[in-house]
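Fold and contact review
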Amino acid sequence: MKADPAVQRRLLDLAEVDAELARVTHRRRTLPEIAEIAEAEKQMRAKQDALVAVETTLTDLDRDVKRQETEIEQVRARGDRDRKLMQSGSVGAKQLTDLEHELATLQRRQGVLEDDLLELMERREAVEADVSFARVDMDKGREALSDAARRRDDVLADLEATETRRTADRSLMAKGFPDDLLKLYDRQREHRGIGAALIQSRRCGACRIELDRNAVSKLKEAASDEVVRCEECGAILVRTAESGL
């Protein structure tokens, strides 16, 4: 295949555009923000589970406190009733003794229930503090996730703009190449990642391998418009004064 040396040199410009587009694609796949978002989402799930757990505990304690208060109120009401009966003077001596015994029992029971209620209230206070902490932690996690997503979107927007601009540049540049040369370049690029490279100091710019004497001799003998390729990687080799030939 033959192509004007000036046209071959323009392959280097095309290769640079393709390299930039490849970098855009690679960076889009490997954004650190993507891993950061995945970790933030994992942390958010853990924080959500922790919040649900302490909220459930708080709900259970609220129920226990209400039940305890109800039982205390019932004992207190029973005691008030007994005292009224005792004060009414309408009960006999035996019933009075029974009422006094029951009232003493109710007072002891009320004391135990009130101690239990106090313990429940202390536990509830501690769990309520845990709930507040868990909610603050959730807010911080949500903020971190939002920040990472915003930074990811900003970077993706920049990459999209670069890709759009350079894709347009490539389409325009591609029109300046013969079809057969462009097809060869694109086939090589799709196969090995780099379609064309400069020979610099007798070294292939694509695979970075230094050419041996035999390869250098062939390049020296090749006409300037001959399209030559690297024997190692297959890239189209563009020859300039820097090639050391």
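Residues numbered from 1 in each chain as written. Predicted model: local features only at pLDDT ≥ 70, side-chain atom pairs only at ≥ 80, totals over all residues. Heavy atoms only, no water.

A look at the overall build of the protein
Threshold: Here a helix means four or more residues in a row that DSSP labels H or I, a strand means two or more in a row labelled E, and each is numbered from the N terminus. The size measure is the radius of gyration over C-alpha atoms, and the globule rule it meets is 2.2 Å times the number of residues to the 0.38 power. Exposure classes here rest on a 1.4 Å probe applied to the protein chains alone. A residue is buried below 20% of its type maximum, exposed above 50%, and partly exposed in between.
Within the protein, the secondary structure is distributed over five helices and four strands. Along the protein, helices and strands appear, N-terminal first, in the series α-α-α-α-β-β-α-β-β. The C-alpha radius of gyration computed for the protein amounts to 42 Å, which surpasses the reference 18 Å derived for 245 residues by more than 25%, pointing to a less compact arrangement than a globule. Its C-alpha atoms give the protein principal-axis dimensions of about 135 × 35 × 25 Å. Per-residue burial for the protein yields a buried fraction of 31% across its 245 residues.

Here's the deal with the sheet that holds strand S1 (residues 196–200)
Strand pairing in a sheet relies on backbone hydrogen bonds, with the paired strands running either antiparallel or parallel. Note the following rule: By the convention used here, strands pair only if DSSP detects at least 2 bridges between them. In this analysis, two residues are considered to be in contact whenever any of their non-hydrogen atoms come within 4.5 Å of each other. Whenever a helix is involved, its axis is fitted only over the stretch in contact; in every case the axis is a line through C-alpha atoms, and angles between N-to-C directions fall within 0 to 180 degrees.
The sheet built from four strands is open, its strands ordered S2-S1-S4-S3 with mixed pairing. Only two strands of the sheet have a single partner each, and these edge strands are strand S2 (203–204) and strand S3 (228–229). In this sheet, strand S4 (residues 236–238) lies alongside S3 in antiparallel orientation, the contact comprising two bridges. Among the inter-strand pairings, Arg 229 is bridged to a residue of S4, identified as Ile 236. Each of S1, S3 and S4 is contacted by helix H4 (residues 179–192), which is oriented at about 115° to S4, the strand it contacts most.

Observations concerning the nonpolar core
Quick note on the threshold: By nonpolar core we mean a set of buried residues, namely Ala, Val, Leu, Ile, Met, Phe, Trp, Tyr and Cys, connected to one another through side-chain atoms within 4.5 Å.
Within the largest apolar cluster, 16 residues are counted, with the highest numbers of intra-cluster contacts made by Leu 51, Val 54, Val 127 and Val 131. Mapped onto this core, the elements with two or more residues apiece are helix H2 (32–88) and helix H3 (93–174). Setting aside residues no more than four positions away along its own chain, Val 131 makes contact with Leu 51, Val 54, Glu 55 and Leu 58. Counting residues in each nonpolar core, the second largest holds 15 residues, with Ala 3, Ala 15, Leu 184 and Val 238 among its members.

Re the pairing of S1
The buried fraction of S1 is high, at four of five residues. Pairing of S1 with S4 involves three bridges; the strand directions are parallel. Counted as the bridge partner of Ala 197 is Leu 237 from S4. Sheet topology note: the S1/S2 ladder contains two bridges and is antiparallel.

What about the packing of helix H1 (residues 5–29) against H3?
For the record, the criterion: Our angle categories are set so that under 35 degrees counts as roughly parallel, over 145 as roughly antiparallel, 65 to 115 as roughly perpendicular, and the remainder as oblique. With the far helix as reference, a near helix turned anticlockwise by less than a right angle produces a left-handed crossing, and one turned clockwise produces a right-handed crossing. Just so you know the grouping, Ala, Val, Leu, Ile, Met, Phe, Trp, Tyr, Cys and Pro go in nonpolar, Asp, Glu, Lys and Arg go in charged, and all remaining residues, Gly too, go in polar.
One can describe the packing of H1 onto H3 by two numbers: an axis separation of 10 Å at closest approach and a directional angle of 155°. When the axes of H1 and H3 are compared, the pair comes out roughly antiparallel. When you trace H1 past H3, the crossing you get is left-handed. Contact residues: H1 offers Asp 13, Leu 14, Val 17, Asp 18, Glu 20, Leu 21, Val 24, Thr 25, Arg 27 and Arg 28, while H3 offers Val 155, Leu 156, Leu 159, Glu 160, Thr 162, Glu 163, Arg 165, Arg 166, Thr 167, Arg 170 and Met 173. Residue composition of the contact of H1 with H3, grouped by class: eight nonpolar, three polar and 10 charged.

Structural notes on H1
Here is the rule we go by: A helix is expected to reach a length of 1.5 Å times the quantity of its residues less one. The term polar contact refers here to a pair of N or O atoms within 3.5 Å; inside protein, the definition further demands a hydrogen-donor-capable atom paired with an acceptor-capable atom, and it admits residues adjacent in sequence only when both atoms are side-chain atoms.
Here H1 spans 37 Å end to end across 25 residues, near enough to the 36 Å set by a 1.5 Å rise per residue. Turning to H1, its buried residues number three or more, namely Val 7, Gln 8, Leu 11, Leu 14, Ala 15, Val 17, Asp 18, Glu 20, Leu 21 and Val 24. Where H1 is buried, its residues touch H3, H4, S1 and S4. The opening residue of H1 is Asp 4, an N-cap whose side-chain oxygen sits 2.7 Å from the backbone nitrogen of Ala 6.

Observations concerning unusual backbone geometry
Only a minority of non-glycine residues have a phi that is not negative, and only a minority of peptide bonds are not trans. Notably, Arg 202 is not glycine yet its phi reads approximately 60°, a positive angle. If you trace the backbone, Arg 202 turns up in the loop between S1 and S2. We note that Arg 208 has phi near 65°; this positive angle belongs to a residue other than glycine. Tracing the sequence through the fold places Arg 208 in the loop between S2 and helix H5 (213–221).

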